[in-house]
Amino acid sequence: MKIHEYQAKQLLAGYDVPVPKGKPAQSVDEAVRAGLDLGGFPVVVKAQIHAGGRGKGGGVKLAKNETELKELASQIFGMQLVTHQTGPAGQTVQRLLVEQGMKIDQEFYASILLDRAQSKDVFMVSTEGGMDIEEVAAKTPEKIVKVTIDPASGFQPHHGRQLAFALGLSGKSFKSATACFEKLYRAYREADCSLLEINPLIRSGDEIIALDAKVNFDDNALYRHPDYDALRDLAEEDPSEIEASKSNLNFIKLDGNIGCMVNGAGLAMATMDIIKLHGGEPANFLDVGGGANAQSVAAAFKIILADKNVKAVMINIFGGIVRCDRVAAGVIEAAKSEHVTVPVIVRLEGNNADVAAQMLRDSGLNLTVAGDLTDAATKACAAVKG
Amino acid sequence: MSILLNKNTKIIVQGITGSEGSFHSQQMLEYKTRVVGGVTPGKGGTMANDTVPVFNSVREAVGSTGANASIIFVPPPFAADAMLEAIDSGIELIIAITEGVPVRDMVTVKHALRGSSSRLIGPNCPGIITPGVGKMGIMPAFIHREGKCGLISRSGTLTYEAVKQLSDRGIGQSTCVGIGGDPIPGSNFLDIMILFNQDPETNAVVMIGEIGGSAEEEAAEYIKSEFKKPVVGFIAGQTAPPGRRMGHAGAIIAGGKGTAKEKVAAMERAGIHVSKSPADIGATMARVLGKVNKTDNKGHDGTHADDYQA
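*Asks:* Whenever I open this one, the overall build of chain A confuses me. Can you help?
*Replies:* Looking only at helices and strands, chain A has 12 helices and 18 strands in total. Projected onto its principal axes, the C-alpha positions of chain A cover 80 × 50 × 40 Å. The burial tally for chain A puts 53% of its 386 residues in the buried class. The long-range fraction of contacts in chain A, counting pairs at least 24 apart against all pairs at least 6 apart in sequence, stands at 67%. Roughly 16,400 Å² of accessible area belongs to chain A as shown, and the carbon and sulfur atoms make up 49% of that amount. Distance from the positive charge centre (41 side chains) to the negative charge centre (49 side chains) of chain A: 2 Å.

*Asks:* Just checking my understanding: could you explain the sheet that holds strand β3 (residues 60–63) of chain A for this structure?
*Replies:* What holds strands together in a sheet is hydrogen bonding between their backbones, with the strands either parallel or antiparallel. All names here are of chain A. With respect to topology, 4 strands assemble into an open sheet ordered β1-β6-β2-β3, the strand pairing being antiparallel. One side of each edge strand has no neighbouring strand; the edge strands of this open sheet are β1 (22–25) and β3. With strand direction ignored, the average angle separating the axes of adjacent strands in the sheet is 20 degrees. Where strand β2 (residues 43–47) meets strand β6 (residues 96–100), 5 bridges bridge the pair, whose relative direction is antiparallel. Residue pairing across strands places V44 opposite E99, the latter belonging to β6. Each of β1, β2 and β6 touches helix α2 (residues 28–37); the most contacted strand, β1, lies at about 170 degrees to it.

*Asks:* What is the right way to read unusual backbone geometry from this model?
*Replies:* For residues besides glycine, phi is generally negative; the peptide bonds are generally trans as well. All names here are of chain A. At the junction of N199 and P200, the peptide bond is cis and its omega measures out at 10 degrees in the coordinates. Relative to the helices and strands, P200 resides in strand β10 (residues 193–204). One non-glycine residue, S119, adopts positive backbone phi at about 55 degrees. Tracing the sequence through the fold places S119 in the loop between β7 (106–115) and β8 (120–126).

*Asks:* Would you mind showing me how to read the interface of chain A and chain B here?
*Replies:* Where interface size is quoted, it is often the accessible area lost as the parts come together. Of the residues lining the interface, 45 residues belong to chain A; the matching set on chain B comes to 58 residues. In total, about 4,000 Å² of surface goes out of reach between chain A and chain B, with carbon and sulfur atoms giving 61% of it. Between A:R224 and B:D105 there is a salt bridge; the shortest N-O distance is 2.8 Å. Viewed at the interface, chain B and chain A are joined by 14 residue pairs in polar contact (both at pLDDT 80 or more).

*Asks:* Whenever I open this one, the packing of aromatic side chains confuses me. Can you help?
*Replies:* The description of an aromatic ring pair rests on the distance of the ring centres and on the angle between the ring planes. All names here are of chain A. In total, this model carries 8 aromatic pairs over all chains according to the counting rule given. Aromatic pair Y185 and Y188: ring centres 6.0 Å apart, planes at 35 degrees, arrangement tilted. With Y185 and Y188 both in helix α6 (residues 171–190) and 3 residues apart, the pair spans about one turn of that helix. Assessed through its relative accessible area of 5%, Y188 is described here as buried. Pairwise contacts between aromatic rings join F123, F155, F181, Y185 and Y188 into one cluster.

*Asks:* Hey, could you run me through helix α10 (residues 324–337) of chain A in this one?
*Replies:* Residue and element names in this part refer to chain A. Taking 1.5 Å per residue, 14 residues should reach 20 Å; α10 reaches 20 Å between its end C-alpha atoms and fits that length. The set of residues buried in α10 consists of C324, D325, V327, A328, G330, V331, I332, A334 and A335. Looking at the buried positions of α10, the neighbouring elements they touch are α9 (294–305), β16 (312–318), β17 (344–349), α11 (353–361) and β18 (367–369). A positive backbone phi angle near 50 degrees is found at H339, which sits one or two residues after α10.

*Asks:* What am I meant to see in the environment of B:V54 here?
*Replies:* Residue and element names in this part refer to chain B. Checked against the element boundaries, V54 lands in strand β4 (residues 52–55). You can call V54 buried: its relative accessible area is 2%. Placed 42 residues apart in sequence, V54 and I12 show a C-alpha to C-alpha distance of 9.2 Å.

*Asks:* Quick question: what am I supposed to make of the packing of α10(A) against α11(A) here?
*Replies:* Packed helix pairs are specified by the crossing angle of their axes together with the interaxial distance, meaning the distance between the axes. Residue and element names in this part refer to chain A. Here α10 crosses α11 at 20 degrees, and the two axes come no closer than 7 Å. The angle between the axes of α10 and α11 places the two elements in the roughly parallel class. Classified by chirality, the crossing of α11 by α10 is right-handed. For the pair α10 and α11, contact is made by C324, D325, A328, A329, V331 and I332 and by A353, V355, A356, M359 and L360, respectively. In terms of residue class, the contact of α10 with α11 is made up of 10 nonpolar, no polar and 1 charged.

*Asks:* I tried to follow the pattern of salt bridges on my own but got confused; where do I start?
*Replies:* Side chains carrying opposite charge are able to pair once their charged atoms draw close together. Tallying each qualifying case throughout the model produces 33 salt bridges over all chains. Three or more residues joined by partner-sharing salt bridges are found here, namely A:E5, A:K9, A:K46, A:R54, A:E99 and A:D212.

*Asks:* Sorry, what's going on with the sheet that holds β4(B) here?
*Replies:* Residues and elements named next belong to chain B. Taking strand neighbours across the sheet as the criterion, the 7 strands line up as β3-β4-β2-β1-β5-β6-β7 in an open arrangement whose pairing is mixed. At either margin of the open sheet sits one strand with a lone partner, and together these are β3 (47–48) and β7 (119–121). Summarising the sheet, strand β1 (residues 11–14) and strand β5 (residues 69–72) pair through 4 bridges and their orientation is parallel. By the bridge assignment, Q14 is partnered in β5 with I72. Contacting β1, β5, β6 (93–96) and β7, helix α3 (residues 76–88) crosses the sheet at an angle of about 175 degrees to β6.

*Asks:* Any chance you could explain α11(A) here in plain terms?
*Replies:* Owing to its 3.6 residues per turn, the α-helix aligns residues three or four sequence positions apart on the same side. Residue and element names in this part refer to chain A. By the burial criterion, the buried members of α11 are A353, A356, A357 and L360. Buried residues in α11, looked at end-on, bunch into an arc of 100 degrees, giving them a common side. Where α11 is buried, its residues touch α10, β17 and β18.

*Asks:* So what exactly am I meant to see when it comes to the confidence of the model for chain A here?
*Replies:* Low pLDDT means the predicted coordinates in that region are not meant to be read closely. Taken over all residues, the pLDDT of chain A has a mean of 93, while the share at 70 or more is 99%. Per-residue pLDDT, averaged within each element of chain A, yields its smallest value for helix α4 (residues 133–139) of chain A (85) and its largest for strand β11 (residues 207–210) of chain A (98).

*Asks:* Hey, could you run me through the packing of helix α5 (residues 157–166) of chain A against α6(A) in this one?
*Replies:* All names here are of chain A. At a minimum axis distance of 9 Å, the contact between α5 and α6 shows a crossing angle of 130 degrees. Taken together, the axes of α5 and α6 are oblique relative to one another. In this structure, α5 crosses over α6, and the sense of that crossing is right-handed. On the side of α5, the interface is formed by G160, R161, L163, A164 and F165, while α6 contributes F174, A177, T178 and F181. Split into classes, the residues belonging to the contact of α5 with α6 amount to 6 nonpolar, 2 polar and 1 charged.

*Asks:* Any chance you could explain the confidence of the model for chain B here in plain terms?
*Replies:* When pLDDT is averaged along chain B, the result is 92, and 93% of the positions lie at 70 or above. Across the assembled chains, the prediction reports ipTM 0.90 with pTM 0.91.

*Asks:* Is there a simple way to explain the environment of A:I303 in this structure?
*Replies:* All names here are of chain A. In this fold, I303 is placed in helix α9. Remark: the alpha-carbon pair of I303 and S240, spanning 63 residues in sequence, is separated by 6.2 Å. Once residues within four sequence positions are removed from consideration, I303 is found in contact with S240, E243, A244, L249 and F251.

*Asks:* Quick question: what am I supposed to make of the pairing of β11(A) here?
*Replies:* Both faces of the sheet carry side chains from a regular strand, because those side chains alternate between them. All names here are of chain A. Taken together, the 4 bridges between β10 and β11 define a ladder with antiparallel strand orientation. Bridged to R203 within β11 is I208. In sequence, β10 turns back onto β11 through a hairpin of 2 residues, with G205 there showing a positive phi of about 65 degrees.

*Asks:* Please clarify how the side chain of A:E5 should be interpreted in this entry.
*Replies:* Residue and element names in this part refer to chain A. In this fold, E5 is placed in helix α1 (residues 5–13). Taking relative accessible area as the criterion, E5 reaches 3% and is therefore assigned buried. Side-chain polar atoms of E5 contact the side chain of R54, separated by 2.9 Å.

About the thresholds
- Residues numbered from 1 in each chain as written.
- Chains lettered and ligands numbered in written order.
- Predicted model: local features only at pLDDT ≥ 70, side-chain atom pairs only at ≥ 80, totals over all residues.
- Heavy atoms only, no water.
- Helix = DSSP H or I, 4+ residues; strand = E, 2+ residues; numbered from the N terminus.
- Buried < 20%, exposed > 50% of the residue type's maximum accessible area, 1.4 Å probe, protein only.
- Contact = heavy atoms within 4.5 Å.
- Areas by Shrake-Rupley, 256 points an atom, 1.4 Å probe, with all protein chains shown as cover.
- Lys, Arg positive; Asp, Glu negative; His and termini not counted.
- Charge placed at Lys NZ, Arg CZ, Asp CG, Glu CD.
- Pairing = 2+ DSSP bridges.
- Axes fitted to C-alpha atoms, helices over the stretch in contact; angles between N-to-C directions.
- Buried area = accessible area lost by both parts, 1.4 Å probe.
- Salt bridge = Lys/Arg side-chain N within 4 Å of Asp/Glu carboxyl O.
- Polar contact = N/O pair within 3.5 Å; in protein donor to acceptor, adjacent residues only side chain to side chain.
- Phe/Tyr/Trp six-rings, centres within 6.5 Å; stacked < 30°, edge-to-face > 60°.
- Expected span 1.5 Å × (residues − 1).
- Parallel < 35°, antiparallel > 145°, perpendicular 65-115°, else oblique.
- Left-handed = near helix turned anticlockwise from the far one by under 90°.
- Nonpolar A, V, L, I, M, F, W, Y, C, P; charged D, E, K, R; others polar.
- Arc of directions from axis to C-beta.
- pLDDT = per-residue confidence, 0-100.

The following block contains the structure:
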């Protein structure tokens with residue numbers, strides 16, 4: 001789960017991480033009031049969308065007085081912000097963060113994430129703050145310093161010193177940095193983050209401050225943080241994906257025209273792959289889960305067919321312990337209730353697959369039975385061409 | 001023989017009285033798996049599935065049944081505790097089926113595993129099956145047949161798909177292992193490939209990976225230098241967009257890493273026969289085995305020919 005910068009900063013402030021004074025706003029008027037409340041100019045107006053690269057896209061501006069603040073806020077609020085992470089359509093800016101302007105002496109980069117290979121956390125810092133870190137990693141990997149932290153023993157003072165030395169700090173700012181790193185790690189652990197990234201982390205005089213903040217949460221851990229519900233911004237999510245999550249379906253929209261309905265994530269990916277291999281383009285990733293009954297299939301049809309690009313649907317269910325004739329009955333019922341008109345290619349495998357195939361053929365609906373995976377993909381690709 | 005699960009494996013089911021635990025215990029029993037007990041705290045002294053004694057703790061279950069393996073069906077908030085309890089009780093083989101265990105919990109479990117005598121498979125996995133001997137998992141038993149081909153996968157239904165392709169071509173399986181789709185699995189490809197390498201009754205292995213992480217690459221390094229048997233591979237997610245979690249918590253291309261392209265390249269460098277299509281996994285193995293068997297007759301040592309062309 002992703003959250004906005006202002007929410008991430010509020011979370012970090014709760015762990016005493018130094019962040020600039022600031023206020024979120026959901027209108028231009030609110031933004032102006034928020035700026036005046038800060039008690040002095042300059043202030044920074046920052047577009048709040050879930051994608052990165054906002055500065056480059058024109059979503060972050062400095063205002064030296066009230067007039068400028070109003071001007072910039074109206075410019076950014078409601079704009080279609082395009083960054084390298086939003087795709088060409090961009091994302092509408094519906095929230096702003098107005099912050100006090102900070103004196104920046106140095107810009108750094110800091111992040112904490114999981115090292116899957118070691119099952120430990122890795123804390124990364126770089127002197128190349130404010131830059132695209134993937135570019136730094138590609139061009140000058142020596143400028144990124146990584147410190148591995150064993151969560152069993154936790155963050156120790158020597159980790160903090162190693163990181164602060166790597167940034168070339170000394171004296172009071174060194175102490176400020178080690179304290180800041182320790183708090184960042186605590187926030188990362190206790191809040192069940194899957195990523196905590198500060199870019200830039202700045203030195204302002206002797207103080208180390210998180211000028212930006214990006215936090216992603218581990219979806220599997222959301223159950224122990226019921227308060228995160230309030231942080232979810234549905235405007236940032238794809239409407240069809242929200243609809244799918246309500247029906248406990250795992251759905252990701254893609255650009256093709258062959259809708260996919262599959263049980264199991266691995267098989268769903270493999271189904272997308274085989275469609276592509278046969279010259280087609282998958283319209284989505286969709287895992288209906290183990291059960292695949294009439295309700296879940298109906299919900300899946302609804303979501304797939306809401307995408308007007310979809311010209312055919314390929315259903316690929318490996319029955320396993322669930323009997324195929326039951327799945328077939330569910331598919332037929334759902335195809336009727338959802339008034340499905342596009343060609344549907346159904347491949348059911350497992351117990352009673354023969355009975356299931358006959359039921360589908362006898363249904364009188366636009367259902368094509370496929371024998372195996374290749375047959376299904378070939379038929380689905382042919383259906384969208386013809 | 002087989003790996004992990006054999007005739008001496010005595011199994012308990014943690015969470016046996018829950019709906020999943022009870023249903024799959026029945027399926028395991030019907031497959032003649034040696035399920036000797038179950039654990040549900042507070043329900044000790046009762047019977048599950050008519051024949052299986054229930055205990056309050058893993059320690060108690062081990063004490064009275066001599067169990068050396070456990071399969072876990074408890075819900076995510078309690079799954080890590082169940083795994084830790086099994087580790088503390090000296091269970092040698094732990095299979096965690098539960099989907100949705102927080103990463104932070106798995107980091108703790110991984111730490112507990114280091115230096116313990118336990119091996120963990122999962123979580124978020126279909127489990128393992130040694131056809132003809134037993135199953136510790138949720139896979140449909142009927143698609144399997146006894147044989148000498150090992151299988152390891154991060155996926156569930158895609159594994160069934162591959163198994164069926166093998167069985168349809170008369171290629172039976174020694175043991176099939178689903179390691180699960182989470183970012184921190186108890187065991188990885190490498191851990192299991194080492195076991196397959198040592199197992200005299202496994203003569204080839206199917207390895208099914210997916211996008212995310214670098215576990216396939218690590219296993220490929222090992223296969224290149226140490227593995228003595230032919231391997232057929234497949235990577236799911238060749239068309240997956242970066243930055244999106246494809247169902248499995250671990251299936252995500254992050255920071256440009258973990259792409260299918262990189263994994264396929266690493267596998268090909270290791271001499272693994274990579275099937276481009278998920279529909280050709282069984283056929284590829286059939287071709288590879290045909291070739292190896294032929295060369296075996298001429299006294300070949302059974303290592304895979306890396307110049308193999310169909």
